[in-house]
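Below, each chain spelled out in residue letters.
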Amino acid sequence: MSDFLIAAYPWMKALHIISVVAWMAGLLYLPRLFVYHAEAEIGSDKAETFKVMERRLLRGIMAPAVILVVLFGAMLAATPGVVDWHQGWIWVKLALVAGLIVFHHLLAYWHKSFAADAVPHTARFFRVVNELPTIALIAIVVLVVVKPF
Ligand code: HEM
């Protein structure tokens, strides 16, 4: 198993980054859709279109992507010599990833509310919420590439 993981390492890393990009696209775009949805009139054509766009993004892209991110991430972490568990960056990264997974679930929860013709929060709220995955993404990339501690 170790030999396989070592040989597959560059491929696992490529697949990890591809899945990360797909997941992040959803985490960044869905709150933006919520901003427009919160401003649309309930029952209007526009609001109905947003419901479909949100559902497809969540189920078609974000749900499979998060599973692949964690799967390939775990394979990288299990590859001998890749992570020094005495260093701090990996633990802070994992905490931020846990935060992004909670954020993903919150988005799914708010989508359910929009799908039932409610408006869970104001457009302004979703504009602010939209910044959170951006901050997490910047921090995670610096942690994995620079490994500052
Ligand atoms: C449970 C989830 C995750 C685990 C276990 C995990 C683990 C890992 C590991 C072990 C590496 C290899 C580090 C190295 O080669 O030095 C890696 C690389 C990377 N991870 Fe993750 N990761 C996860 C989620 C994420 C997320 C959510 C992002 C971005 C938002 C991310 C971004 C990256 C990037 C950009 C690299 C490539 C770094 C490089 O070029 O060396 N990972 N990940």
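Residues numbered from 1 in each chain as written. Predicted model: local features only at pLDDT ≥ 70, side-chain atom pairs only at ≥ 80, totals over all residues. Heavy atoms only, no water.

### Remarks on the site of the ligand
Item 1. In the vicinity of the ligand there are 22 residues, among which Y9, K13, H16, K93 and K147 approach most closely.
Item 2. Between the ligand and Y9, the relevant distance is 2.5 Å, taken from an oxygen atom to a side-chain nitrogen or oxygen of the residue.
Item 3. One of the side-chain N or O atoms of K93 is found 2.6 Å from a nitrogen atom in the ligand.
Item 4. One can see that the ligand is located within the largest pocket.
Item 5. Elements represented by at least two residues in the shell around the ligand include exactly α1 (2-39), α2 (45-78), α3 (89-115) and α5 (131-146).
Item 6. Here the shell around the ligand takes seven residues from α1, the largest share from any one element. (Near = heavy atom within 4 Å. Polar contact = N/O pair within 3.5 Å; in protein donor to acceptor, adjacent residues only side chain to side chain. 1 Å grid on protein atoms, 1.4 Å probe; cavity = no way out; pocket = protein on both sides within 12 Å on 5 of 7 lines; lining within 4 Å. Sits in = over half its atoms within 2 Å of the grid points. Helix = DSSP H or I, 4+ residues; strand = E, 2+ residues; numbered from the N terminus.)

### What to know about empty space enclosed by the protein
Item 1. Inspection of every chain in the model, using the stated rule, returns one cavity of 30 Å³ or more.
Item 2. Its boundaries defined by the atoms lining it, the largest cavity holds a volume of some 50 Å³.
Item 3. For the largest cavity, the full set of lining residues is H37, A40, I42, A47, F114, D117, A118 and V119.
Item 4. Per-class residue counts for the lining of the largest cavity are six nonpolar, one polar and one charged. (Points joined across faces, edges and corners; volume = space filled by probe spheres on them. Nonpolar A, V, L, I, M, F, W, Y, C, P; charged D, E, K, R; others polar.)

### Structural notes on α3
Item 1. The end-to-end C-alpha distance of α3, which contains 27 residues, comes to 39 Å, matching closely the 39 Å that a straight helix rising 1.5 Å per residue would cover.
Item 2. Within α3, burial applies to W89, I90, K93, V97, L100, F103, H104, L107, W110, H111 and F114.
Item 3. Residues of α3 that are buried make contact with α1, α2, α4 (123-129) and α5.
Item 4. D117 sits one or two positions beyond α3 and adopts a positive phi of about 65°. (Expected span 1.5 Å × (residues − 1). Buried < 20%, exposed > 50% of the residue type's maximum accessible area, 1.4 Å probe, protein only. Contact = heavy atoms within 4.5 Å.)

### Observations regarding the packing of aromatic side chains
Item 1. All chains considered together, the criterion is met by eight aromatic pairs.
Item 2. Between Y36 and F50, the aromatic rings sit 6.5 Å apart at their centres with planes inclined by 25°, giving stacked as the arrangement. Placement of the pair is Y36 in helix α1 and F50 in helix α2, with a sequence separation of 14 residues.
Item 3. Relative accessible area serves as the criterion here: at 38%, Y36 is assigned to the partly exposed category.
Item 4. Classification of F50 by relative accessible area gives buried; the value is 11%.
Item 5. Aromatic side chains F125 and F126 sit 5.3 Å apart centroid to centroid with 80° between the ring planes, which places their arrangement in the edge-to-face category.
Item 6. Assessed through its relative accessible area of 29%, F125 is described here as partly exposed.
Item 7. A network of ring pairs unites the aromatic residues F34, W110, F114, F125 and F126 as a single cluster.
Item 8. The ring of W89 carries the charged tip of K147 above its face, separated from the ring centre by 4.9 Å. (Phe/Tyr/Trp six-rings, centres within 6.5 Å; stacked < 30°, edge-to-face > 60°. Lys NZ or Arg CZ within 6 Å of the ring centre and 35° of its normal.)

### Looking at unusual backbone geometry
Item 1. Of note in this structure, D117 is not a glycine but carries a positive phi near 65°.
Item 2. In this fold, D117 is placed in the loop between α3 and α4.
Item 3. A positive phi angle, close to 45°, is found at K147, a residue other than glycine.
Item 4. Inspection of the secondary structure assignment puts K147 in the segment after α5.

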